[in-house]
Amino acid sequence: MVFSSFDEKDGVILCDTELGADIEDVVNEALGLARHQMQEARIELNGVSLRIEYFTIADALARDYYRALNGLIPKTIDPKCEYPLSDESIASDKAKLAAKKLRPKSSLRNILIDKDSR
């Protein structure tokens with residue numbers, strides 16, 4: 001289990017993650033809770049707030065977590081993630097990274113490269 005604890009408040013499952021938890025594991029476990037209880041789950045991880053509902057696409061949410069860490073999108077991730085990323089979103093991400101003169105973390109770089117090679 002990747003959660004140290006979870007609680008329910010106002011129909012929302014609030015999840016506290018274990019230190020060092022992997023984002024993919026966190027998202028998949030929270031998605032399982034959201035689907036099982038048909039409620040929204042919320043997670044705060046490294047300053048990024050994730051909202052998860054039964055229809056959330058796990059890969060898209062994990063991708064947007066990395067985008068938020070790189071400052072490409074706001075630090076609050078909506079459960080209705082764009083999937084797949086549009087060409088406009090990819091171009092915007094690349095422009096923001098170039099303006100910051102940053103190299104994206106490997107997970108984000110792979111997503112952007114994969115889209116370009118199609």
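Higher on the page you've got the structure.
I will try to describe carefully the structure that is included in this document.

Scoring rules and cut-offs
- Residues numbered from 1 in each chain as written.
- Predicted model: local features only at pLDDT ≥ 70, side-chain atom pairs only at ≥ 80, totals over all residues.
- Heavy atoms only, no water.
- Helix = DSSP H or I, 4+ residues; strand = E, 2+ residues; numbered from the N terminus.
- Expected span 1.5 Å × (residues − 1).
- Buried < 20%, exposed > 50% of the residue type's maximum accessible area, 1.4 Å probe, protein only.
- Arc of directions from axis to C-beta.
- Contact = heavy atoms within 4.5 Å.
- Polar contact = N/O pair within 3.5 Å; in protein donor to acceptor, adjacent residues only side chain to side chain.
- Patch = residues over 30% accessible without salt bridge, like charges linked within 9 Å, V, L, I, M, F, W, Y side chains within 5 Å.
- Areas by Shrake-Rupley, 256 points an atom, 1.4 Å probe, with all protein chains shown as cover.
- Salt bridge = Lys/Arg side-chain N within 4 Å of Asp/Glu carboxyl O.

### A word on helix α1 (residues 23-37)
In step 1: The end-to-end C-alpha separation of α1 is 21 Å, in line with the 21 Å expected for 15 residues at 1.5 Å each.
In step 2: Within the span of α1, buried status applies to I23, V26, V27, A30, L31, L33 and A34. One face of α1 carries all of its buried residues, which in axial projection span an arc of 160°.
In step 3: Against β1 (3-9), β2 (12-17), β3 (40-45), β4 (48-52) and α2 (58-69) lie the buried residues of α1.
In step 4: Between the side-chain oxygen at the start of α1 and the backbone nitrogen of E24 there is a gap of 3.2 Å, and the oxygen is on D22.

### So, a nonpolar patch on the surface
In step 1: Judged by side-chain polarity, M38, Y54 and F55 come together as a nonpolar surface patch covering roughly 320 Å² of accessible area.
In step 2: Among the secondary structure elements, M38 is positioned in the loop between α1 and β3.
In step 3: Using a relative accessible area of 56% as the deciding quantity, one classes M38 as exposed.

### Some thoughts on the pattern of salt bridges
Oppositely charged side chains are able to pair whenever their charged atoms sit close together.
In step 1: This structure, assessed with the given rule, holds six salt bridges.
In step 2: The salt bridge partner of R67 is D64, with a shortest N-O separation of 3.0 Å. One end of the pair is R67 and the other is D64, both in helix α2 and three residues apart, which spans about a single turn.
In step 3: Given the relative accessible area of 6%, R67 is considered buried.

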